[in-house]
Amino acid sequence: LVDSPIMYCQPDTNTIMVANTKVLVAVYSPNGVITSKFAAGKLRRLLDAQRDYLNGNLPVDKYAFLFYFTDKPTLSNASGALEHSYASMYVLPEMDTASIAQTIDDVCAHEFFHIVTPLNIHAEEIGSFNCNEPKMSEHLWLYEGLTEYAAHHAQVKSGIIGYDMFFQTMMDKYNNSLTEFND
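Residues numbered from 1 in each chain as written. Predicted model: local features only at pLDDT ≥ 70, side-chain atom pairs only at ≥ 80, totals over all residues. Heavy atoms only, no water.

A. Structural detail: the pairing of strand β3 (residues 62-70). When you tally the buried positions in β3, you get seven out of nine residues, the bulk of the element. The sheet contact formed by strand β2 (residues 21-28) and β3 spans seven bridges and is parallel. Each residue of the ladder has a partner; that of Val 27, found in β3, is Phe 67. In this fold, β2 hands off to helix α1 (residues 36-53), which returns the chain to β3; that crossover is left-handed. Relative to strand β5 (residues 87-93), β3 runs parallel, the two sharing seven bridges. When the sheet's bridge partners are listed, Phe 67 is paired in β5 with Tyr 90. (Buried < 20%, exposed > 50% of the residue type's maximum accessible area, 1.4 Å probe, protein only. Helix = DSSP H or I, 4+ residues; strand = E, 2+ residues; numbered from the N terminus. Pairing = 2+ DSSP bridges. Right-handed = clockwise from strand over helix to strand, strands pointing away.)

B. Spotlight on the packing of aromatic side chains. Enumeration according to the criterion identifies twelve aromatic pairs in this entry. On the basis of an interplanar angle of 20° and a centroid distance of 6.1 Å, the ring pair of Phe 65 and Tyr 90 is categorised as stacked. Linking Phe 65 in strand β3 with Tyr 90 in strand β5, this pair joins segments that are 25 residues apart in sequence. Just as Phe 65 is buried, Tyr 90 falls in that class too. Measuring from centroid to centroid gives 6.2 Å for Phe 65 and Phe 112, while their planes differ by 25°, and the two rings are stacked. Of this pair, Phe 65 sits in strand β3 while Phe 112 sits in helix α2 (residues 97-113); the two residues are 47 residues apart in sequence, bridging distant segments of the chain. Of the two residues examined, Phe 65 and Phe 112, each falls in the buried class. Feature note: the residues Tyr 63, Phe 65, Phe 67, Phe 69, Tyr 90 and Phe 112 constitute an aromatic cluster, connected by ring pairs. (Phe/Tyr/Trp six-rings, centres within 6.5 Å; stacked < 30°, edge-to-face > 60°.)

C. Representation of the sheet that holds strand β4 (residues 80-83) within the structure. Spatial strand order, β1-β2-β3-β5-β4: five strands in an open sheet with mixed pairing. Edge strands, defined here as strands with exactly one partner in the open sheet, are β1 (13-18) and β4. Adjacent strand axes in the sheet meet at a mean angle of 15°, parallel and antiparallel pairs treated alike. In the sheet, β4 pairs with β5 via four bridges, with the strands oriented antiparallel. Paired with Leu 82 across the two strands is Met 89, which belongs to β5. Lying on the sheet, α1 is in contact with β1, β2 and β3; it crosses β1 at an angle near 20°. Running over the sheet, α2 touches β3, β4 and β5 and is turned about 140° from β3. (Axes fitted to C-alpha atoms, helices over the stretch in contact; angles between N-to-C directions. Contact = heavy atoms within 4.5 Å.)

D. Structural view of the pattern of salt bridges. Counted by the stated rule, this structure contains five salt bridges. The salt bridge partner of Lys 42 is Asp 105, with a shortest N-O separation of 3.1 Å. Note that Lys 42 is positioned in helix α1 and Asp 105 in helix α2, a separation of 63 residues in sequence. Residue class for Asp 105 comes out buried when judged on its relative accessible area of 3%. Residues Arg 51 and Asp 48 are paired through a salt bridge, measuring 3.1 Å at the closest nitrogen-oxygen approach. Pair noted here: Arg 51 and Asp 48 are both in helix α1, with a separation of three residues, about one helical turn. (Salt bridge = Lys/Arg side-chain N within 4 Å of Asp/Glu carboxyl O.)

E. Fine view of the pairing of β1. The pairing of β1 with β2 spans six bridges and is antiparallel. Bridged to Ile 16 within β2 is Val 23.

F. Broad picture of the environment of Leu 119. Relative to the elements of secondary structure, Leu 119 occurs in the loop between α2 and α3 (124-127). When neighbours within four sequence positions are excluded, Leu 119 is seen to be in contact with Glu 83, His 84, Ser 85 and His 114.

G. The arrangement of the packing of α1 against helix α4 (residues 140-158) in detail. Closest axis-to-axis distance for the α1/α4 pair is 9 Å, and the angle between their directions is 100°. In terms of their interaxial angle, α1 and α4 are classed as roughly perpendicular. For the pair α1 and α4, contact is made by Leu 46, Ala 49, Gln 50 and Tyr 53 and by Tyr 149, Ala 150, His 153, Ala 154, Gln 155, Lys 157 and Ser 158, respectively. Within the contact of α1 with α4, the residues separate by chemical class into six nonpolar, four polar and one charged. (Parallel < 35°, antiparallel > 145°, perpendicular 65-115°, else oblique. Nonpolar A, V, L, I, M, F, W, Y, C, P; charged D, E, K, R; others polar.)

Structure follows, in structure tokens:
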């Protein structure tokens, strides 16, 4: 179950084919603001860009995007996502589709690219991870930094975002690293 997320709700699903990959999109939106049809449309464009970025194929035969949109603050007041080998799970605020569109692109691009790092390229500590006696890898820069860069770089290469937005996003991330984190 660690690598197989489950979402229990009234089904709102869509399936799309991208290259060699069957992609399931499941959405829970308490007020019906966001549908699986909308999310699948956003993901098709994004996954086509990532397919091209990865030389014409996606590195999995099947994948699931599970979206839980909420109209109330979470207990931590946070939102986010987790990647798995064949799926990613998202908890995001329910808002109109125009407001959430770029968030879906950015967060899904990042989580999906985790199938490259660390799920396929990783240090021994991650490849043979022992949950009972964890030993952490010192390659967070690879797993998060490279993944985040590729997520945005694929979008700019495909025309989903412009160069100005790409460079501004990278500079914002750099400046945030200087002011918000203790190296």
